Amino acid sequence: MHYILEILPSLLSGAGMTLQIFLWTLIGSLPLGLILSLGLISKIKPLQWLINFYVWLMRGTPLLLQLIFVFYGLPLIGVVFPRYEAALFAFILNYAAYFAEIFRGGLQSIDNGQYESARVLRLSYSQTIRKIVIPQVVKIVIPSVGNEVINLIKDSSLVYVIGIGDLLRAGNVATARDVTLVPLVLVAVLYLLLTAVTTFILRKVEKRYSYWK
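Predicted model, so just to flag it, every value in this text is computed and none were measured. (Residues numbered from 1 in each chain as written. Predicted model: local features only at pLDDT ≥ 70, side-chain atom pairs only at ≥ 80, totals over all residues. Heavy atoms only, no water.)

## Side note on the overall build of the chain
Here comes step 1: Scanning the chain for helices and strands turns up 8 helices and 0 strands.
Here comes step 2: In sequence order, the secondary structure elements of the chain are arranged as α-α-α-α-α-α-α-α.
Here comes step 3: Taken across its 213 residues, the chain has 38% of its residues classed as buried.
Here comes step 4: Sequence-distant contacts, at least 24 apart, represent 76% of the contacts inside the chain between residues at least 6 apart.
Here comes step 5: Taken as a whole, the chain presents about 12300 Å² of accessible surface, with 68% of it coming from carbon and sulfur. (Helix = DSSP H or I, 4+ residues; strand = E, 2+ residues; numbered from the N terminus. Buried < 20%, exposed > 50% of the residue type's maximum accessible area, 1.4 Å probe, protein only. Contact = heavy atoms within 4.5 Å. Areas by Shrake-Rupley, 256 points an atom, 1.4 Å probe, with all protein chains shown as cover.)

Following this line, the structure appears as structure tokens:
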């Protein structure tokens, strides 16, 4: 117990970094994914092809490779990101692609009759999207978005490869220094706690939007 209390502050500090990456990635990727999803169903073919290519590229290559490319590859052409910003940039671009596909499926599930009814009511396209379509899409995509949110908590551990002091890195440092698996067990417990809390919140949100049933 004395050893656990000794290493716990460094693990909690790493967990704080993990939460920062998690929250900023969600804040950046959710609205970007929604915007991209509108492009995926756009009637402007060049825009649709471009976004489809972006989504294919992001979903078809590992996030770890994208993270390494942003931090180590882009400086070769003069684009340099600090470690933290590089992690956020790679994570937001990656998760925005997944959210774009999720939102696209939600948008395409809305019946065309609702768009026609909005036109009859003389609503503009933006008003139709904001007031009629998006509230329904949010309810439809919550379970799928929730799965990606849970994955994001675990994927955030990948930032250790570029030297960011996240939860996993703090555990690895303590394990290598003290030659014991206790830090990694504590890391697993903290990840499970983060996942459990996030799952609880997502279920509350899903229940909140179940009034259409």
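That was the structure; now back to the text.
## Side note on the packing of aromatic side chains
Here comes step 1: All told, the structure shown has 5 aromatic pairs when counted by the stated rule.
Here comes step 2: Taken together, a centroid distance of 4.9 Å and an interplanar angle of 20° make the contact between Phe81 and Phe89 stacked.
Here comes step 3: In this structure Phe81 comes out as partly exposed when scored by relative accessible area, which is 23%.
Here comes step 4: On the numbers, 6.2 Å between centres and 50° between planes, the contact of Tyr95 with Phe99 is tilted. Highlighted residues: Tyr95 and Phe99, both in helix H4 (residues 83–108), separated by 4 residues, approximately one helical turn. The same class applies to Tyr95 as to Phe99, namely buried.
Here comes step 5: Ring-pair connections join several aromatic residues into one group, and the members of that group are Tyr95, Tyr98 and Phe99. (Phe/Tyr/Trp six-rings, centres within 6.5 Å; stacked < 30°, edge-to-face > 60°.)

## Details of the packing of helix H1 (residues 2–40) against helix H6 (residues 125–155)
A pair of packed helices can be characterised by two numbers: the angle between their axes and the separation between those axes.
Here comes step 1: Two elements in contact, H1 and H6, have axes separated by 11 Å at closest approach and are oriented at 140°. With respect to H6, the axis of H1 lies oblique. Considering how the two elements wind past one another, H1 and H6 form a crossing that is right-handed. For the pair H1 and H6, contact is made by Thr18, Phe22, Thr25, Leu26, Leu30, Leu34 and Leu38 and by Tyr125, Ile129, Ile134, Val145, Val149, Leu152 and Ile153, respectively.
Here comes step 2: For the contact of H1 with H6, the per-class residue count stands at 12 nonpolar, 2 polar and no charged. (Axes fitted to C-alpha atoms, helices over the stretch in contact; angles between N-to-C directions. Parallel < 35°, antiparallel > 145°, perpendicular 65-115°, else oblique. Left-handed = near helix turned anticlockwise from the far one by under 90°. Nonpolar A, V, L, I, M, F, W, Y, C, P; charged D, E, K, R; others polar.)

## Description of the nonpolar core
Here comes step 1: Counting residues in hydrophobic clusters, the biggest one holds 42 residues, and the most contacted among them are Leu11, Leu67, Phe91, Phe99, Val133, Val137 and Leu167.
Here comes step 2: Counting only elements with at least two residues in this core, the list comes to H1, helix H3 (63–73), H4, H6, helix H7 (167–178) and helix H8 (182–208).
Here comes step 3: When residues of this core are assigned to their parent elements, the largest contribution, 10 residues, is made by H4.
Here comes step 4: Excluding anything up to four places from it in sequence, Val133 contacts Leu107, Ile110, Tyr115 and Thr128.
Here comes step 5: Ranked by size, the runner-up nonpolar core spans 9 residues in total, among them Leu36, Val55, Met58 and Ala100. (Core = buried A, V, L, I, M, F, W, Y, C linked by side-chain atoms within 4.5 Å.)

## Description of H6
Here comes step 1: Taking 1.5 Å of rise per residue, 31 residues should cover 45 Å, yet H6 covers just 36 Å from first to last C-alpha, more than 12% shy of that figure.
Here comes step 2: At Ile142, H6 shows its maximal bend, which comes to roughly 55°, and the proline Pro143 appears one to four places after that position. (Expected span 1.5 Å × (residues − 1). Bend = angle between axes of the 7 residues up to and from the residue.)

## As for the pattern of salt bridges
Here comes step 1: This model, assessed by the stated rule, comprises 3 salt bridges.
Here comes step 2: A salt bridge links Arg59 to Glu101, with the nearest nitrogen and oxygen atoms 3.6 Å apart. Pair noted here: Arg59 is in helix H2 (residues 45–60) and Glu101 is in helix H4, with a separation of 42 residues, a long-range link.
Here comes step 3: Judged by its relative accessible area of 41%, Arg59 falls in the partly exposed class.
Here comes step 4: As a salt-bridge pair, Glu101 and Arg104 come within 3.1 Å of each other at their nearest N and O atoms. With Glu101 and Arg104 both in helix H4, this residue pair falls 3 residues apart, about one helical turn.
Here comes step 5: Residues joined in a network through salt bridges with shared partners are Arg59, Glu101 and Arg104. (Salt bridge = Lys/Arg side-chain N within 4 Å of Asp/Glu carboxyl O.)

## A word on the UniProt feature "transmembrane region" (unreviewed entry) in the chain
Here comes step 1: Residues given the UniProt feature "transmembrane region" (unreviewed entry) here are residues 21–41, 53–74, 86–107 and 181–202.
Here comes step 2: Between the C-alpha atoms that bound residues 53–74 there is a distance of 20 Å. The span itself is 86% helix and 0% strand.
Here comes step 3: The distance from the first to the last C-alpha atom of residues 181–202 is 32 Å, and the span holds 95% helix and 0% strand. (UniProt positions renumbered as here; feature names shortened; annotations may be inferred.)

## Observations concerning the UniProt feature "domain: ABC transmembrane type-1" (unreviewed entry) in the chain
Here comes step 1: Using the residue numbers shown here, the UniProt feature "domain: ABC transmembrane type-1" (unreviewed entry) corresponds to residues 15–202.
Here comes step 2: Note that residues 15–202 is 81% helix and 0% strand, and that its end C-alpha atoms are spaced 20 Å apart.

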